[in-house]
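# Residue-level structural notes
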Amino acid sequence: MQTKKTGHPHQYDGPGNLRCTVKKLDRHWSPNSIFIGSAFWLLALLALYFSVNFQAKAADNKSMPVIDTSTTKLSEKGRYEVSFNSMAGPIEINTIHEWRLTVLSVDGTPIDGLSITVEGGMPMHDHGLPTAPRVTESLGEGQYRVEGFKFQMPGHWTTTFNFIDTENFNDSVTFNLML
Ligand SMILES: [Cu+2]
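A quick note: this is a predicted structure, and the numbers were derived from the prediction, not measured.

## Things to note about the sheet that holds strand β7 (residues 143–149)
Read across the open sheet, the five strands follow the order β1-β2-β3-β7-β6; overall the sheet is antiparallel. The sheet is open, and its two borders are formed by β1 (72–74) and β6 (134–140), each paired with just one other strand. Each strand axis lies, on average, 25° off the axis of its neighbour in the sheet, ignoring direction. Strand direction decides the pairing type here: strand β3 (residues 97–105) and β7, joined by five bridges, are antiparallel.

Right under this line is the structure:
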């Protein structure tokens, strides 16, 4: 029987040629290589998705920073646990009012005898406080009366208390307020 000769690779061209063609197909389109190829593209798409998502989140965080408005904070150098409350209740814009500051050591011992100065302002507006609040009385039990607070507009305010103890040790704490 005579075998038909042709140049077409997929056509039966004798047993040798068929084996060769199947082998070729196997190398290029086996289920394994299809799976690996799909997995690669799936991973590439996932990587792209997460990278875009992450960038969007980072941009979000930049425009809307998370501001810690806790009224109890550890001082910068970690020596004191400081808290405040407004004596007139919730702080109202354009109202002069008084704060009570409480200073404790980290193990809860009230700290009296501190020399305390007050500063503050609006970081986004680049201006300070409209008044000059100051500590007017040490009340004992680590409590201090701070008079003369006023915030004249809504927004993000900071208030910083600087502490100097009897051994000249400096520490400070900064509170954030969203008014
Ligand atoms: Cu302002």
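## Comments concerning unusual backbone geometry
For Glu-141, which is not glycine, the phi dihedral falls at a positive 55°. Counting through the fold element by element, Glu-141 comes out in the loop between β6 and β7. A tally of 11 C-beta atoms within 10 Å means that Glu-141 is categorised as exposed. Its identity is not glycine, yet Asn-168 carries a phi of approximately 70°, on the positive side. Classification of Asn-168 as exposed rests on a count of 7 C-beta atoms within 10 Å.

Basis of the calculations
Residues numbered from 1 in each chain as written. Predicted model: local features only at pLDDT ≥ 70, side-chain atom pairs only at ≥ 80, totals over all residues. Pairing = 2+ DSSP bridges. Helix = DSSP H or I, 4+ residues; strand = E, 2+ residues; numbered from the N terminus. Axes fitted to C-alpha atoms, helices over the stretch in contact; angles between N-to-C directions. Buried ≥ 20, exposed ≤ 12 C-beta atoms within 10 Å, placed from the backbone.

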